[in-house]
Amino acid sequence: MLFRSASGRTAVALGDPIGPADDLRTMITCFREHCLRNDWRPAFYQTLPDHLELYKQFGFRAIKIGEEAIVDLTSFSLSGKAAGPLRTPLNKLRKLGHSVEFHQPPLRDSLIEELRPISQEWLQRMKGAEKKFSLGWFDPDYLRGTDVALVRTPDGRISAFANLLVGVRQDEVAIDLMRSRTELEPGTMDVLFTSLLQHYQQAGFRRFNLGLSALSGLGDSHQSPRLEKAMAALVDHLDRFYSFRGLHSYKAKFRPSWEPRYLIYPSLASLPDVVVALMRLDSGDRLLDYLRVG
């Protein structure tokens, strides 16, 4: 598993434990005991809402940290007026000679080398480092084993690409790494995403996960805890640096449903360290204290 902490004493598991539902209690117990033996604070990042009550039985607390955008591929369509903003760039770029390609693993070394400069250019533009936790990163061995979709310009150059996580959850495909050139034909990313939705819809998948919109949906109801409302106020300050709302708005054009995701943490006293660590992670900050365990 991967864990990180500003203090070196927090172990964060990505998502809920994976396995039979009957074994979930045992897996949580084992992870918590493993952390206690090593003097770590255990936490679970980006969990589903399904098992919140079980975590509470173990003494954990839960706070909503965002929403995942899920497109229902069984009903996705480019027909009708509402889909016009997606059809227009698709038709325009096709006429200009741009094309979308899909590559299945194992990817050729020559393709990996075509993708590398796009990734480097994107990182320089973002002025950040690879996250290496909740998202994938540009590692040839990792990418070689994943599905990749890309857009080529009329002169054959790759302008944008994304790799996909296929089948992590039943009938679902999830976006992982996304990279693009600085000089980009307007609508390129719309074309890439729309083509991805069509491709996996035709392949028989039912859900397409556009990823987490960090901090979206916090404090949006009278039932929201005060802590959520305080974090929602923090978004107003941070948005001008990290554009959380811009990312959320972009995903919204694909008309997804928004599913809540949570941070499970052991106590209020431990929350500041965990939240700061995760905020740095989602901001793309360089994380020199990232370690791999097990």
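Residues numbered from 1 in each chain as written. Predicted model: local features only at pLDDT ≥ 70, side-chain atom pairs only at ≥ 80, totals over all residues. Heavy atoms only, no water.

Draft legend 1. Representation of the sheet that holds strand β6 (residues 147-152). Strand order in this open sheet of nine strands is β2-β3-β10-β4-β9-β8-β7-β6-β5, and the pairing throughout is mixed. For this open sheet the edge positions go to β2 (10-14) and β5 (99-103), each flanked by a neighbour on one side alone. Going from strand to strand, the sheet's axes swing by 25° on average, the running direction of each strand aside. Sheet analysis places β2 next to strand β3 (residues 41-47), joined by five bridges and oriented parallel. Directly across from Ala11, in β3, lies its bridge partner Pro42. (Pairing = 2+ DSSP bridges. Helix = DSSP H or I, 4+ residues; strand = E, 2+ residues; numbered from the N terminus. Axes fitted to C-alpha atoms, helices over the stretch in contact; angles between N-to-C directions.)

Draft legend 2. Main features of unusual backbone geometry. With an omega dihedral of 0°, the bond running from Pro105 to Pro106 counts as a cis peptide bond. By the element assignment, Pro106 lies in the loop between β5 and α4 (109-126). Backbone geometry at Gln46 places phi at a positive 70°, although glycine is not the residue there. One can find Gln46 in strand β3. The class for Gln46 is buried, based on a relative accessible area of 13%. (Buried < 20%, exposed > 50% of the residue type's maximum accessible area, 1.4 Å probe, protein only.)

Draft legend 3. Quick peek at the side chain of Ser195. Summarising the element assignment, Ser195 is placed in helix α6 (residues 188-202). Judged by relative accessible area, Ser195 falls into the buried class, the value being 8%. With residues near it in sequence (within four places) discarded, Ser195 still touches Leu90, Val100 and Phe102. (Contact = heavy atoms within 4.5 Å.)

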